[in-house]
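# Descriptive analysis of the structure
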Amino acid sequence: MALLEIQNVTRRFGTMTAVDGVSLSIEAGEFFTLLGPSGCGKTSLLRMIAGFDAPDNGGANSGTNRDTSRGRIVLDGQDLTGVPPERRPVRTVFQSYALFPHMTVAANVAFPLKMAHTSADAIAGKVKEALADVQLTSLAMRFPHELSGGQRQRVAIARALVTHPTMMLLDEPLAALDAKLREQLQIELINLQKEVGITFIYVTHDQSEALALSHRIAVMNQGRIEQLDEPSKLYSFPANRFVADFLGQCNILDGTVAARDGNRCTFELTRIGPITVAVEDGMAVGARGALALRPEKVSISAAGPQYGAQDRSQSTASGAGGADENHLRGRVTDFLYSGDVTLYVIELASGQRLEALRANSAPGRTRFLEVGDTVDVAWRFDAGHFIRE
Amino acid sequence: MTAAAASLVQRRSIPLVRVGLLVRGLPALYLWIFFALPCLLMVLASLRVAGEFGGLAPLFSESGRLNLTVASYGELFSTFIYFELFLKSLLYALITTVVCLALAYPLALAIVRAGKTWRDLLLLLVILPFWSNFLIRVYAWMIILGPDWVMTRGLNAVRGWFGAEPTTLMFSPIAVIIVLVYVHLPFMVLPLYANLEKHDPALIDAAQDLGANARQRFRHITWPLSLPGVFAGSALVFIPAFGIFAVPDLVGGTNGIMIGNVIKQQFLETRNWPFGSVLSLVLTVVALACTALAARAARPRREAP
C-alpha cells in the first residue's frame, strides 16, 4: 500500500471549489510535485495533508453511501481525519520560511525536538546533525534576521528534517530566492532527499522547477488533477491542451485525422493543410484533435528565392503518408534572444503562428534570422504528440 | 546611515556632523527640556532650605553664602516610615501591573482574533472611558464600592456564610487597587494589542506543524514575541501607578495611603519643598531602576537550545 492515500478529497470555500474530488497515492521515498497555476488548489491540498484544513465531508450525499463518498487522507495506514497538525508525522516548509525570530538557528532547529520532550543531550546531537545536513553548522548561534534568504530556507528545511518525519511538505520553498541561488538549492534539495530518504511533497507553480526535481508530477488546474506522470512523460506526452500549454512552450495545431497508412497517418490541419504524423492511440480516421509540437522540435532555416531546393520540399508535405519531414513556409514576426537559445515566432501563410527554438550553438558569431525573413519550417513526422478532443 | 544617504550628504557637501546633530539633536533637546531639566531643578530644590512660610529660602543667605544643605536627605532616613511607604507603593503598583496584565492579555488576544467589525468596536470600548473625566470615573467607583452597593453587600453575604464579620470595601487598600486597575487597564490593552496584531500567523502554523500543542504555542511563540508589548504596557501602568495620589486620596482612606500622597502633602500642606523634592527624586530613581531591570529581563538571549 502506498505511503499516502488521498481519497476523493473535496474542499469548497463558499461557492468556490478549491479541491474537486482529488484522489492520488504517493509512495514512500518519492519526490512528488503538485504543479499548477496559482489558485489551482495545490496549496489547499497541501494544507489538508498538513492538517491545517480538513476535506469537506460528503454531506451532500444522502444516507448509506455517505461514508464512502467522504474524502479521506490516509498516511501509512492511519486515517488522518480529525488528527490535529501537531500530531501528524508530517512537517511543512513554509514559503515565508516562518522561522521563529526570537530564537537562534540552533533553537529553531531544536524546537520540534523540545516539543516532543526529547532529552537535552539528544537534542544537541540531532541539531548538530541536521545543521550539518544543510551546511549551516557555523551559523548555529545566529538569529534569523542575521541570515540571507538562502540560509533561512536551509534552516527551515533543517528544522523540518530534524525529527525524521514520515513526510515533508514544501510549499513553494524557493519562490522568494533569485534564479542562481534557486538552481543551487534545487540540486541540494535533490541530494538531500536522496540522502535522508524522506518522502517529499513539493508544491510549485514553476514548471521547470517541477521537471527538474520530481520523480512524479501531478499537474493541477481548477481543483482537479489534469495529468499525473513522470516529468519526461508529462513533457513529451501531455494528455490535454492545458498540460501541453502549462508545461513549457507548445505549439498546438488543430486538425482532423484524414487517412491512416501503417504507422503514419495524414493529419489535416485546419486552414494549413495535410501533414504526416506518427500513429498514436485514438487516431482513428475522422478523429478531431490537436498536435502538440514543442518549439525545440521545430527546425527553421532561411528560405528565399535563392533557395530553390526548399520550394520543392514543401510539396513532400502535401504528398501524404510517405515523408519523414513536414515542411511549411512562414515569415519571422518576432524573436526572443536568451543567450543559449533564440525563440522565433513564425507566421504561416494561413496566419497561424508557430514557435521554433534554435540553439545558438554554431561556432563563431551566430547569424540570426531577422524579422520579416521568409523561413522554411520543418519537423519530423514523429516529433509531435496527438491530443484527442 | 545608509550608503545612499551618505553619498547624498557628500555630494551636497553638508558636513556629516551637522546632519548627525539634526538627527540626534532634536530628540535630545526634547528630553533635556522635558525630563533632564526638571530633574535637575528637583535635585537643586532637594539641596535647598525650606522657606519659613513654605516654598524655598533664598539660594544666597544675607551674608552672601550659598545656602545649601543635605539635611533633607537625612530626614529621609530619620524614620522607617518613608521606606515602608515606598515599599507599600511599590507593592500596590506591582499588583496593579500584574492584575492589569492578567486582564488585558486575554482581552487584547480576543480583540486581535475577532473579525474586522468586532475588532473596531472592541477597541472603541477600550478607549471609551477616556471620553469622560478621570475624577468623575473615580467618583463613580466610590459609589460602586460604597457600603450600599452590590459589591460590598455581596461580599458581606459571602462572609456571612462563613461566619465572618461584615466589612467595607471603600477606604481600603483593596479599593485603591481595584480603582488603580480600572484607571490603568487601557494603557495595558493598547500596547499589547498593537504588538499582538503584528504577529505573523504563519509562525503559529509552523509551531503547530512542528508538534507544539496550544499551550506550547503560547508559551514558546506568542508570549515571548509579545514581550515588547508586555513591557511597554507594564511601564505605562507601573510608573504612573507608583506615584499616584488622587486615587488613594479619594478611595484609600488612612490605610490606603501611598508615597504620592506624602509628596503631595510635603508640597501643599507641610510646605517642605526640599523634602518633597527628595521623595520625588527617590520615586523617579526607583521607577527608572525597575524599568531598567524589566527591560534587561525582556531582552532575547543567544542561548543554546
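Residues numbered from 1 in each chain as written. Chains lettered and ligands numbered in written order. Predicted model: local features only at pLDDT ≥ 70, side-chain atom pairs only at ≥ 80, totals over all residues.

Attention now moves to the overall build of chain A. Counting its regular elements, chain A contains 10 helices and 20 strands. Principal-axis analysis of the C-alpha atoms gives chain A an extent of 80 × 65 × 35 Å. Here chain A, with 389 residues, has 39% of them falling under the buried criterion. Sequence separation of at least 24 residues holds for 65% of the intrachain contacts in chain A that already meet a minimum separation of 6. (Helix = DSSP H or I, 4+ residues; strand = E, 2+ residues; numbered from the N terminus. Buried ≥ 20, exposed ≤ 12 C-beta atoms within 10 Å, placed from the backbone. Contact = placed C-beta atoms within 7 Å.)

Let us look at the overall build of chain B. A tally of helices and strands in chain B yields 13 helices and zero strands. For chain B, the α and β elements follow one another from N to C terminus as α-α-α-α-α-α-α-α-α-α-α-α-α. In summary, chain B has a C-alpha radius of gyration of 25 Å against a globular reference of 19 Å for 305 residues, an excess of more than 25%. Judged by the C-alpha coordinates and their principal axes, chain B covers about 80 × 80 × 45 Å. (Rg over C-alpha atoms; globule rule 2.2 N^0.38 Å.)

This paragraph deals with the domain arrangement of chain A. Residues and elements named next belong to chain A. When cut into domains, chain A gives domain 1 (4-245) and domain 2 (249-388). Here domain 1 and domain 2 have C-alpha centroids that lie 40 Å from each other. Across the contact, seven residues belong to domain 1 and six residues belong to domain 2. When residues in the side of domain 1 that touches domain 2 are grouped by element, the largest group, three residues, is from helix α9 (residues 241-246). (Domains from an automatic or database assignment.)

So, about the sheet that holds strand β3 (residues 31-35) of chain A. Residue and element names in this part refer to chain A. Spatial ordering of the open sheet is given by β6-β7-β8-β3-β9-β10, a layout of six strands whose pairing is mixed. Among the strands making up the open sheet, the edge pair consists of β6 (90-93) and β10 (224-229). Neighbouring strand axes in the sheet, compared pairwise and without regard to direction, differ in orientation by 20° on average. Packed on one face of the sheet, helix α5 (residues 149-161) meets β6 and β7 (167-171) and runs near 175° to β6. (Pairing = 2+ DSSP bridges. Axes fitted to C-alpha atoms, helices over the stretch in contact; angles between N-to-C directions.)

Glancing now at the nonpolar core. Residue and element names in this part refer to chain A. Among the nonpolar cores identified, the biggest contains 106 residues, and Ile 49, Val 109, Ala 158, Leu 169, Ile 201, Val 219 and Val 377 are the most heavily contacted of them. Of all the elements, helix α3 (residues 105-115) adds the most residues to this core, at seven residues. Excluding residues that lie within four positions of it along the chain, Leu 169 makes contacts with Leu 46, Ile 49, Ala 50, Val 90, Thr 92 and Ile 201. (Core = buried A, V, L, I, M, F, W, Y, C linked by C-beta atoms within 7 Å.)

With 24 residues of chain A at the interface, the matching set in chain B holds 18 residues. At the level of secondary structure, the elements contributing two or more residues to the side of chain A that touches chain B comprise β6, α3 and α4 (120-133) of chain A. With seven residues, the top contributor of residues to the side of chain A that touches chain B is α3(A). In terms of residue class, the side of chain A that touches chain B is built from 16 nonpolar, four polar and four charged. (Nonpolar A, V, L, I, M, F, W, Y, C, P; charged D, E, K, R; others polar.)

Moving on, we get to the packing of helix α3 (residues 71-78) of chain B against helix α13 (residues 273-298) of chain B. Residues and elements named next belong to chain B. Contact geometry for α3 and α13: axes closest at 9 Å, N-to-C directions at 65°. The crossing of α3 and α13 is right-handed. Along the contact surface, α3 presents Ser 72, Tyr 73, Glu 75 and Leu 76, while α13 presents Pro 274, Phe 275 and Val 278. Taken together, the residues of the contact of α3 with α13 break down into five nonpolar, one polar and one charged. (Left-handed = near helix turned anticlockwise from the far one by under 90°.)

Here the focus is the confidence of the model for chain A. Residues and elements named next belong to chain A. Summarising the model, chain A shows a mean pLDDT of 87, and 91% of its residues fall at 70 or more. Scored below 50 in pLDDT, residues 59-67 makes three contacts in the model with residues more than four places away or belonging to other chains. For residues 305-321, every residue scores under 50 in pLDDT, and the model assigns this stretch 22 contacts once sequence neighbours within four places are set aside. (pLDDT = per-residue confidence, 0-100.)

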